[in-house]
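Observations on the model geometry
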Amino acid sequence: GQQVMQIPQYQHVQEGEDFTTYCNSSTTLSNIQWYKQRPGGHPVFLIQLVKSGEVKKQKRLTFQFGEAKKNSSLHITATQTTDVGTYFCAGSGGSNYKLTFGKGTLLTVNP
Amino acid sequence: GAVVSQHPSRVICKSGTSVKIECRSLDFQATTMFWYRQFPKKSLMLMATSNEGSKATYEQGVEKDKFLINHASLTLSTLTVTSAHPEDSSFYICSALSQGVGEKLFFGSGTQLSVL
């Protein structure tokens, strides 16, 4: 079945440093989504990427979808303490929105 | 934005009892809802796809008689953990598919189940 690998598992940065998490799928995806889960909270939708090579920005967050639609990345510029949480990618191979989640990257930020 | 309400947020029960968890889409209709399970510091694992008016589709390894799903209306899906045991203790979370302009999944706030 479809597998989504996400690295790194953990990342600790100093406030102001950049952060990137990567996802790779074993199969071509129809779309990939990114979620953020704060400690003790539930996943919150950040963005969806659909097109090959797509790049989307949300303030300090930059999301990319690979040309082959098998990998994606989330980059945060100049991290802040409010960025702390686990970032999950989730891919769908079809149009039924049955998502396969990556294991997530736990980001901690030292003020 | 769209809201999905999940209730209860936390439940503690004795081994052998059944627990029902509700997932409601408050301001949109959802023909499709999903149920996930999340172990501590782990990712979300899809348990089943809940389809309004039809039987749920379970993922491999998920016991359908153990985890009963009912999606009787366009705004409500329920997950019943039957004869719960300590190994069923977990964080259960639902999501509902909004099929307005730009399909999106919205998540409930989750239910922490503890079976004693």
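Structure first, text after, so check above.
Residues numbered from 1 in each chain as written. Chains lettered and ligands numbered in written order. Predicted model: local features only at pLDDT ≥ 70, side-chain atom pairs only at ≥ 80, totals over all residues. Heavy atoms only, no water.

**Describing the interface of chain B and chain A**
At the junction of the two partners, chain B supplies 18 residues and chain A supplies 15 residues. Where chain B packs against chain A, one counts zero salt bridges. In this assembly, chain B and chain A are joined by two residue pairs in polar contact (both at pLDDT 80 or more). Elements represented by at least two residues in the side of chain B that touches chain A include exactly strand S4 (32-38), strand S5 (44-51), strand S9 (90-98) and strand S10 (104-107) of chain B. (Contact = heavy atoms within 4.5 Å. Salt bridge = Lys/Arg side-chain N within 4 Å of Asp/Glu carboxyl O. Polar contact = N/O pair within 3.5 Å; in protein donor to acceptor, adjacent residues only side chain to side chain. Helix = DSSP H or I, 4+ residues; strand = E, 2+ residues; numbered from the N terminus.)

**A short note on the nonpolar core**
Grouped together as the largest cluster of nonpolar side chains are 24 residues, with contacts concentrated most on B:Val4, B:Trp35, B:Leu79, B:Tyr92 and B:Leu113. Counting only elements with at least two residues in this core, the list comes to strand S2 (10-13), strand S3 (19-25), S4, S5, strand S7 (67-73), strand S8 (76-81), S9 and strand S11 (111-115) of chain B. A:Trp34, A:Phe65, A:Leu74 and A:Ile76 belong to the second-largest nonpolar core, a separate cluster that totals 19 residues. (Core = buried A, V, L, I, M, F, W, Y, C linked by side-chain atoms within 4.5 Å. Buried < 20%, exposed > 50% of the residue type's maximum accessible area, 1.4 Å probe, protein only.)

**Regarding the layout of surface pockets**
All names here are of chain A. In this model, the second largest pocket occupies a volume close to 300 Å³. For the second largest pocket, the full set of lining residues is Lys36, Arg38, Gly41, His42, Val44, Leu46, Gln58, Lys59, Arg60, Leu61 and Tyr87. Residues that form the lining of the second largest pocket fall into these classes: four nonpolar, three polar and four charged. (1 Å grid on protein atoms, 1.4 Å probe; cavity = no way out; pocket = protein on both sides within 12 Å on 5 of 7 lines; lining within 4 Å. Points joined across faces, edges and corners; volume = space filled by probe spheres on them. Nonpolar A, V, L, I, M, F, W, Y, C, P; charged D, E, K, R; others polar.)

**Focus on the pattern of salt bridges**
All names here are of chain B. Across all of its chains, the model carries four salt bridges over all chains by this definition. Taking the shortest distance from any N to any O, the salt bridge between arginine 24 and glutamate 22 comes out at 3.4 Å. The class for glutamate 22 is partly exposed, based on a relative accessible area of 24%. In this structure, aspartate 88 engages lysine 66 in a salt bridge whose closest nitrogen and oxygen atoms are separated by 2.7 Å. Of this pair, aspartate 88 sits in the loop between S8 and S9 while lysine 66 sits in the loop between strand S6 (57-58) and S7, and the two are 22 residues apart along the sequence. Note on aspartate 88: relative accessible area 5%, which makes it buried.

**Remarks on the sheet that holds strand S1 (residues 4-7) of chain B**
The strands that make up a sheet are held in pairs by hydrogen bonds between backbone atoms, and each pair lies either parallel or antiparallel. Residues and elements named next belong to chain B. Reading across from one edge, S1-S3-S8-S7 is the order of the four strands in this open sheet, with antiparallel pairing throughout. Edge positions in the open sheet fall to S1 and S7, since each of these has one partner strand only. Here the strands of the sheet are splayed against their neighbours by 15° on average, with no regard to which way each runs. Where S3 lies against S8, six bridges are found, and the strand directions are antiparallel. Its bridge partner lying in S8, isoleucine 21 is registered against leucine 79. (Pairing = 2+ DSSP bridges. Axes fitted to C-alpha atoms, helices over the stretch in contact; angles between N-to-C directions.)

**Focus on the packing of aromatic side chains**
Applying the stated criterion to the full structure yields 11 aromatic pairs over all chains. Here A:Phe19 and A:Tyr87 contribute two aromatic rings whose centre-to-centre distance is 5.9 Å and whose plane-to-plane angle is 45°, an arrangement assigned as tilted. Placement of the pair is A:Phe19 in strand S3 (residues 19-25) and A:Tyr87 in strand S9 (residues 85-92), with a sequence separation of 68 residues. As far as burial versus exposure is concerned, A:Phe19 and A:Tyr87 are alike and both buried. Considering the side-chain rings of A:Tyr35 and B:Phe107, the 5.0 Å spacing of their centres and the 85° angle between planes classify their relative orientation as edge-to-face. In this pair, A:Tyr35 sits in strand S4 (residues 31-37) while B:Phe107 sits in strand S10, so the two residues belong to two different chains. One aromatic cluster in this structure is built from A:Tyr35, A:Phe45, A:Phe88, A:Phe101, B:Phe34, B:Tyr36 and B:Phe107. (Phe/Tyr/Trp six-rings, centres within 6.5 Å; stacked < 30°, edge-to-face > 60°.)

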